[in-house]
Amino acid sequence: MKYRIVADSSSNVYEVEGVDYAYASLKIVAGDNTYVDEKDMNLDEMIAGLKAHQGPSRTSCPNISDWLDAFGDADVVVATTITSNLSGAYNAAVQAKNLYEEEHPGAKVYVKDSLSTGPEMQLQIERMKEDILKGMSFEEICADIDEYAKKTHLAFSLESLENLAKNGRVNPLIAKAAGVLGVRVVGKASDEGTLQQLHKCRGEKKAVVTMYNVMKEHGFAGGKVRMAHIYNEGIADALEKLIRADYPDADIERCQCGGLCTFYAEVGGMLVGYEG
Ligand code: X90
């Protein structure tokens with residue numbers, strides 16, 4: 001039995017050691033330039049290209065055939081996608097699952113709507129890996145991931161919501177608040193898988209303390225933390241310091257966002273996935 005974990009590239013996870021893993025890329029399109037969100041993509045080039053580009057830019061999610069490519073020839077696929085409330089990725093993955101199971105009798109595909117993105121998906125991927133290595137069955141993994149997803153959350157701090165607003169992914173009023181110099185919007189992924197603004201903070205220090213409070217309000221008590229930032233080691237350092245003051249041995253990791261999260265969360269932003 002060949003097991004494979006699959007996610008879309010909004011998870012910022014491009015490789016996983018010790019298990020079979022594949023990702024389906026989202027794309028960022030600005031005029032004639034298309035930036036594919038993939039391992040080792042040139043983020044500086046994309047950021048510069050977007051800055052220089054006059055006119056609208058947009059993103060596109062993996063289509064059915066991209067998902068089928070990612071499923072490969074596995075007997076069992078466990079997949080997680082960016083929230084179905086902001087992207088068509090989940091719907092395409094479900095259609096790919098139906099086709100795949102039809103064409104490969106006996107094969108099983110599970111598609112989880114993360115109702116989130118980035119590092120919360122990363123937590124799910126890590127859990128899927130643990131489940132597979134434990135030797136759990138397809139049905140057991142599905143049930144475990146559904147259960148696990150109930151206790152993971154996503155918080156964010158954003159300096160700009162321009163691309164989110166321009167692409168209709170957030171209320172323009174929220175975006176306006178963040179447009180003010182020095183203001184960070186701190187919020188979370190809502191239960192419906194949309195952006196929920198919780199606070200407007202002046203300055204990064206305040207934003208970090210506020211983020212940590214949001215995490216504690218949602219049950220964080222020393223569990224796993226996965227941070228994904230956009231050229232902002234400082235905000236990651238500051239949050240890690242706060243957490244370690246309470247939980248010196250906490251399991252905290254960080255990474256730089258890939259293409260899709262960089263486009264929407266923008267330079268200076270940070271997403272934090274955590275266990276509640
Ligand atoms: O299908 C597509 O083209 C992709 C659309 C994605 C739109 C939203 C991406 C959000 C990225 C922003 C902050 C965290 C928000 C969490 C909400 C669930 C990151």
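Whatever comes next refers back to the structure up there.
Residues numbered from 1 in each chain as written. Predicted model: local features only at pLDDT ≥ 70, side-chain atom pairs only at ≥ 80, totals over all residues. Heavy atoms only, no water.

> Explain the overall build of the chain here, please?
Scanning the chain for helices and strands turns up ten helices and 13 strands. On C-alpha atoms alone, the chain measures out to a radius of gyration of 18 Å, which is about the 19 Å that the 2.2 N^0.38 rule sets for 276 residues. Dimensions of the chain along its principal axes, counting C-alpha atoms only, are 55 × 50 × 30 Å. Nonlocal contacts in the chain, meaning residues at least 24 apart in sequence, comprise 72% of its contacts between residues at least 6 apart. Approximately 12300 Å² of the chain is accessible, and the part contributed by carbon and sulfur atoms is 49%. Across the chain, the 29 positively charged side chains and the 42 negatively charged ones have centroids separated by 7 Å. (Helix = DSSP H or I, 4+ residues; strand = E, 2+ residues; numbered from the N terminus. Rg over C-alpha atoms; globule rule 2.2 N^0.38 Å. Contact = heavy atoms within 4.5 Å. Areas by Shrake-Rupley, 256 points an atom, 1.4 Å probe, with all protein chains shown as cover. Lys, Arg positive; Asp, Glu negative; His and termini not counted. Charge placed at Lys NZ, Arg CZ, Asp CG, Glu CD.)

> What exactly am I supposed to notice about the sheet that holds strand E13 (residues 270-275) here?
Strand-to-strand pairing in sheets goes through backbone hydrogen bonds, with the strands running parallel or antiparallel. A sheet is described by the order of its strands in space; here six strands give the open sequence E10-E9-E8-E13-E11-E12, paired in mixed fashion. The outermost strands of the open sheet, each flanked by one partner alone, are strand E10 (195-202) and strand E12 (252-256). This sheet shows a mean twist of 20° between the axes of neighbouring strands, independent of strand direction. Examined bridge by bridge, strand E11 (residues 225-229) and E13 share five bridges and lie antiparallel to one another. (Pairing = 2+ DSSP bridges. Axes fitted to C-alpha atoms, helices over the stretch in contact; angles between N-to-C directions.)

> Before we go on, may I ask you to explain the pattern of salt bridges in this structure?
Pairing of side chains with opposite charge becomes possible as their charged atoms draw close. All chains considered together, the criterion is met by 21 salt bridges. The salt bridge partner of Lys224 is Glu130, with a shortest N-O separation of 3.6 Å. Highlighted residues: Lys224 in the loop between helix H8 (204-217) and E11 and Glu130 in helix H4 (residues 118-133), separated in sequence by 94 residues. Glu130 sits in the partly exposed class, given a relative accessible area of 34%. A salt bridge links Arg254 to Glu233; its shortest N-O distance comes to 2.7 Å. One end of the pair, Arg254, is in strand E12; the other, Glu233, is in helix H9 (residues 233-246), and 21 residues separate them in sequence. (Salt bridge = Lys/Arg side-chain N within 4 Å of Asp/Glu carboxyl O. Buried < 20%, exposed > 50% of the residue type's maximum accessible area, 1.4 Å probe, protein only.)

> In this structure, what is going on with the site of the ligand? I would like to understand it.
Around the ligand, the surrounding shell holds 19 residues, and the nearest of these are Thr59, Cys61, Leu86, Ser87 and Leu195. At 2.6 Å, a side-chain N or O of Thr59 approaches an oxygen atom of the ligand. One nitrogen or oxygen atom from the side chain of Ser87 is found 2.7 Å from an oxygen atom belonging to the ligand. For the ligand, whose free accessible area comes to 550 Å², the fraction covered by protein is 99%. With respect to the detected pockets, the ligand is housed in the second largest pocket. (Near = heavy atom within 4 Å. Polar contact = N/O pair within 3.5 Å; in protein donor to acceptor, adjacent residues only side chain to side chain. 1 Å grid on protein atoms, 1.4 Å probe; cavity = no way out; pocket = protein on both sides within 12 Å on 5 of 7 lines; lining within 4 Å. Sits in = over half its atoms within 2 Å of the grid points.)

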